Structure formats: structure tokens, C-alpha cells
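Summary of the model geometry
Each chain, written out:
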Amino acid sequence: MEQETFPRELADALVGVQRLIRRRLRAGLTVPRLRGAEAELLRLVETRPGIGVSDAAKELYLAGNSVSTLVNQLVRDGYLIRETDPADRRAARLLLTEAAEARLRAWQERRADLVGRHVSRLDETDREALRAAVPALRKLAVTLREEAEKS
């Protein structure tokens, strides 16, 4: 019976934690919040500076025109720079602005602080269980990504 409920319980716990983190972080914002896809695109450009729009669309599993719309909005808001790719004048490369880097850094710091405060409230056994689960959760993310790339 446990085997049957474990995947659902794990998924529910992960979604619940993520939702609560997102809500708590939104509550302290002093700037208009970014929509989920906008934040995902900025994080992708942070990890892959110079990525093109079509590659970003593939990575995010979004339509190219949807990513183009996001790029236009983020350029207008001062978070992305769209450069012409020197290797292909028809293509654009995406880079973060200093404002985007600062915003992402502030969000990451606030997130780590929030999670750190709450993890510290747990007993040592629970903290160790969470620490031990991190590598397995990373492997789970890899298998999910690999399956999505095959489809």
C-alpha cells in the first residue's frame, strides 16, 4: 500500500512546499512580481547566457512565439538584453541586465533565508533526512527532464 501512495505523497509535498515558498516570497516583494514563465526564462538565461529564443523555447517546453512575447516584455521591463548573434545575423542571443541579475540574486537570497529559517526549526533527524534526500531529488529532476526531452 505504501508503494502506491508514495509517489502521490511525494509530489504533493514537493508542490506544497514550492507553493508556500513562492507565496511567502511574493508577500515581501517591493517590485511587481514576475509571472512564472518570466522568472523561468530569466533563470534559464542566467545559467545559459547567450541562449537563443528557439533554444530557450525548447528548454522551457513553450512555443517559440510565447518565448518571443516573454522576451519582448522582459526587454521592455529592463531585465533582458537581446543581441544579434554574430554567427547568425538572423538569430538573437539573450543576456541578463544588471537589474535582472540583482533581482535574481535577491530572490535567491530571500528564498535560501526563508527555507533556512524553517529547516532550522526542525529536529536534527528531520534536517538530516532532508539533507540526505537532496541527491535523490536531483536525480529525480534529471530523469524527469530526460523523459520530457524524449517526447
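Data block above holds the structure.
Since we're looking at a predicted model, the values are computed, not measured. Positions within a chain are numbered from 1, following the residues in the order the chain's sequence is written. Reporting of local features is limited, given that this is a predicted model, to residues whose pLDDT is at least 70; pairs of side-chain atoms are given and counted only at 80 or more, and all residues count toward the totals for whole chains, interfaces and linings. Values reported for side chains reflect all heavy atoms of the structure, with hydrogen atoms and water molecules removed beforehand.

As for the overall build of the protein chain
Put simply, DSSP marks the helices as runs of H or I at least four residues long and the strands as runs of E at least two long, and each gets a number from the N terminus on. For the protein chain, the helix and strand inventory stands at six helices and two strands. Ordering the α and β elements of the protein chain from the N terminus gives α-α-α-α-β-β-α-α. Projecting the C-alpha coordinates of the protein chain onto the three principal axes gives extents of approximately 55 × 40 × 20 Å. Pairs of residues are marked as contacts when any of their non-hydrogen atoms sit within 4.5 Å. In the protein chain, 52% of the contacts between residues at least 6 apart in sequence involve partners at least 24 apart. Where accessible areas are quoted, they stem from the Shrake-Rupley method and a 1.4 Å probe; at the residue level, only the protein chains shown are allowed to cover. Surface exposure of the protein chain reaches about 10,900 Å², of which carbon and sulfur atoms provide 54%.

A closer look at helix H5 (residues 98-120)
Helix span is expected to be 1.5 Å times the residue number reduced by one. Relative to the 33 Å expected for 23 residues at 1.5 Å per residue, H5 spans 32 Å between its end C-alpha atoms, a close match to the ideal helical length. Among the residues making up H5, those that are buried are Ala100, Arg103, Leu104 and Leu114. For every residue, the accessible area obtained with a 1.4 Å probe (protein chains only) is divided by the maximum for its type, and the residue is called buried under 20%, exposed over 50%, and partly exposed between those limits.

Quick notes on the pairing of strand S2 (residues 88-96)
We treat two strands as partners when DSSP finds at least two bridges between them. Inspection of the sheet shows strand S1 (residues 80-85) paired to S2 by six bridges, in the antiparallel sense. From the neighbouring strand, Leu80 faces S2, where its bridge partner is Leu96.

Concerning unusual backbone geometry
Positive phi outside glycine occurs at Tyr61, with the angle close to 55 degrees. Structurally, Tyr61 can be placed in the loop between helix H3 (53-60) and helix H4 (64-76).

Remarks on the pattern of salt bridges
Each salt bridge in this description consists of a side-chain nitrogen of Lys or Arg and a carboxyl oxygen of Asp or Glu lying within 4 Å of one another. By the definition in use, this model includes eight salt bridges. Ionic pairing is found between Glu38 and Arg35, a salt bridge with its closest N-O pair at 4.0 Å. Glu38 sits in the buried class, given a relative accessible area of 6%. In this structure, the salt-bridge partner of Asp88 is Arg90, at a minimum N-O distance of 3.1 Å. Its relative accessible area of 78% is what places Arg90 among the exposed residues. What you see here is one network of salt bridges that share partners, running through Arg48, Glu59 and Arg145.

Focus on the nonpolar core
Looking at soluble globular proteins, one finds that nonpolar side chains tend to be buried together. Counting residues in hydrophobic clusters, the biggest one holds 21 residues, and the most contacted among them are Leu41, Leu42 and Leu80. Going through the elements one at a time, helix H2 (36-47), H3, H4, S2 and H5 are the ones with two or more residues in this core. The element that contributes the greatest number of residues to this core is H2, accounting for five residues. Definition of nonpolar core: a set of buried residues of the types Ala, Val, Leu, Ile, Met, Phe, Trp, Tyr and Cys, connected through side-chain atoms within 4.5 Å.

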